[in-house]
Amino acid sequence: MLDKIQSTPAKICLGLTALVMFVYSLNFMFFADCYSIGGDGCFTLLNNKSELGDSIYGNGGPETAFNGILMFGIFISSMIILIEGPKGKWTTMIPVMIGLSAMTVAMWMDDTGALDINTTPKYVVPAVLALYAVSYFLMKDEGVNEGLSDYKPGIKVQDKFAMVALVLLVLMGLFYSLRMIFTPDSVIGEGFPAGESFVLALELDEARALGQGIPSEVTVAVSGSLILVYTLWSALVLTNGASGKWSVMHPSMFAFISVTIGTYMGMLAGTARTISDGNQMDAIAGPLVMLLVLISYFRLRPEGMEDGMTFQGEEVESAWFTNGLLTFALIMGALFAVTSIFWENVG
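Residues numbered from 1 in each chain as written. Predicted model: local features only at pLDDT ≥ 70, side-chain atom pairs only at ≥ 80, totals over all residues. Heavy atoms only, no water.

### Quick look at the overall build of the protein
On a plain count of helices and strands, the protein comes out with 12 helices and 2 strands. Ordered by position from N to C terminus, the α and β elements of the protein give α-α-α-α-α-α-α-α-α-α-α-β-β-α. Against the globule reference of 20 Å for 347 residues, the protein gives a C-alpha radius of gyration of 20 Å, in line with a compact fold. The 347 residues of the protein split such that 54% are buried. (Helix = DSSP H or I, 4+ residues; strand = E, 2+ residues; numbered from the N terminus. Rg over C-alpha atoms; globule rule 2.2 N^0.38 Å. Buried < 20%, exposed > 50% of the residue type's maximum accessible area, 1.4 Å probe, protein only.)

Here's what the structure looks like:
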């Protein structure tokens, strides 16, 4: 199945990045609360090594889960390259490298001490970036940069509804990502105003034990770095045209459908952030982005969005993907229901 990449070293490097991204995304998506409390009395694949009394104990469970979902979309983008081949996939890989670079800088520049207890991410992210970049350069002879030399930015989308949707996606993405990367403290301050009673309650041990503590600046900066990847993908569709861009839109669709499902399940489970104006705006933004991505994708089918769309090298019909997307949504809904509602009740 993974024979579309001819370079074995490239295949290994990209496969390792996909594996690491999958493990982290799976852990954060479904076990973020347990991760944030160091795996104390609960199940998690990874944990942040914190204990009750540590500054990072129980902080940012919902935000970590959000990051996991966005990582899952990037994992899917890597699997598309592994399974379908690297030809023209600079549109996928360059934005991912930019996002991982921003994440690396954010982690190493963080001076809050949030990563003093668990330093592993500070080394994992640059290692993943290095492997990903190596795989990119090793695939240059296999056509990964096909179309890059001809790229001349401009509005290349004809459908007006899709154009507006993509412009909104880019503007929203820049608004969120740049603020989160460069001023995460102000983002936290807006979402969790100092002195508010609900903010004070989140600092108590009872809230921290549920992973509901206020997120750290580095967690917010990671969110911004991941959002930047999706923003650049949308920008490329807008400025380079829709033809063949299914390979960047599919991961975006899967990711933000999952964000919407996760937010809804979080509301049912009582773990979603919905108190402050900033929290409420964030909760609305996820489903809105999902809607805009879906509008862009389906409106741009006549402009070649699904040109060259394959599965394991075989061309597939539009109906096949539509059915697959619905199936994916049902599966993710069931998984989030089990882990965020039923699992918690059992625990």
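### Details of the environment of Phe192
Tracing the backbone through its elements, the reader meets Phe192 in the loop between α6 (184–191) and α7 (197–202). Separated by 81 residues in sequence, Phe192 and Arg273 have C-alpha atoms that sit 9.9 Å apart. Excluding residues that lie within four positions of it along the chain, Phe192 makes contacts with Glu63, Phe198, Val199, Leu202, Ile214, Pro215, Arg273 and Asn279. (Contact = heavy atoms within 4.5 Å.)

### Structural notes on the pattern of salt bridges
Scanning the model with the defined rule gives 5 salt bridges in all. The partner of Lys87 in a salt bridge is Glu146, with the nearest N and O atoms 3.8 Å apart. Residue Lys87 is found in the loop between α2 (61–84) and α3 (90–109), and its partner Glu146 is found in the loop between α4 (120–138) and α5 (160–182); the two are separated by 59 residues along the sequence. (Salt bridge = Lys/Arg side-chain N within 4 Å of Asp/Glu carboxyl O.)

### Describing a nonpolar patch on the surface
A surface patch of nonpolar side chains, about 480 Å² in accessible area, is lined by Phe161, Ile284, Leu288, Leu291 and Ile295. With 4 residues, helix α11 (residues 277–299) is the single largest residue contributor to the nonpolar patch. The residue Ile284 is located in helix α11 in this model. Residue Ile284 is classed as exposed on the basis of its relative accessible area, which comes to 57%. (Patch = residues over 30% accessible without salt bridge, like charges linked within 9 Å, V, L, I, M, F, W, Y side chains within 5 Å. Areas by Shrake-Rupley, 256 points an atom, 1.4 Å probe, with all protein chains shown as cover.)

### Quick notes on the packing of α3 against helix α9 (residues 217–240)
Between α3 and α9, whose axes approach to 9 Å, the crossing angle comes to 160°. In terms of orientation, α3 and α9 fall into the roughly antiparallel class. Note on packing geometry: the crossing formed by α3 with α9 is right-handed. Of the residues in α9, those in contact with Trp90, Thr91, Thr92, Pro95, Val96, Ile98, Gly99, Ala102, Met103, Ala106 and Met107 of α3 are Val218, Ala221, Val222, Ser225, Leu226, Leu228, Val229, Leu232, Trp233, Leu236 and Asn240. Tallied by class, the residues present in the contact of α3 with α9 amount to 17 nonpolar, 5 polar and no charged. (Axes fitted to C-alpha atoms, helices over the stretch in contact; angles between N-to-C directions. Parallel < 35°, antiparallel > 145°, perpendicular 65-115°, else oblique. Left-handed = near helix turned anticlockwise from the far one by under 90°. Nonpolar A, V, L, I, M, F, W, Y, C, P; charged D, E, K, R; others polar.)

### Things to note about the layout of surface pockets
Size it by volume and the second largest pocket reaches roughly 540 Å³. As for the second largest pocket, its lining consists of 22 residues, of which Ile76, Ile80, Phe254, Phe311 and Trp320 are closest to the centre. When residues of the lining of the second largest pocket are traced back to their parent elements, those giving at least two are α2, α10 (246–269), β1 (310–311) and α12 (318–346). (1 Å grid on protein atoms, 1.4 Å probe; cavity = no way out; pocket = protein on both sides within 12 Å on 5 of 7 lines; lining within 4 Å. Points joined across faces, edges and corners; volume = space filled by probe spheres on them.)

### Looking at the packing of aromatic side chains
Scanning the model with the defined rule gives 19 aromatic pairs in all. Centre to centre, the rings of Tyr230 and Phe256 are 5.4 Å apart; their planes meet at 85°, and the pair counts as edge-to-face. Of this pair, Tyr230 sits in helix α9 while Phe256 sits in helix α10, placing them 26 residues apart in sequence. Plain terms: the ring middles of Phe254 and Phe321 are 6.0 Å apart, the flat faces sit at 70° to each other, and that makes the pair edge-to-face. Residue Phe254 is found in helix α10, and its partner Phe321 is found in helix α12; the two are separated by 67 residues along the sequence. In this structure, Phe254 and Phe321 share a single accessibility class: buried. Connected via pairs of aromatic rings, a cluster forms that spans Phe22, Phe72, Phe75, Phe254, Tyr297, Phe298, Phe321 and Phe328. Taking the ring centre of Trp108 as reference, the NZ or CZ of Lys122 above it sits at 4.4 Å. (Phe/Tyr/Trp six-rings, centres within 6.5 Å; stacked < 30°, edge-to-face > 60°. Lys NZ or Arg CZ within 6 Å of the ring centre and 35° of its normal.)

### Concerning the state of the cysteines
Within the structure shown, the criterion is met by 1 disulfide. Disulfide pairing places Cys34 opposite Cys42 at an S-S distance of 1.9 Å. A torsion of 100° about the S-S bond marks the disulfide between Cys34 and Cys42 as right-handed. (Disulfide = S-S within 2.5 Å.)

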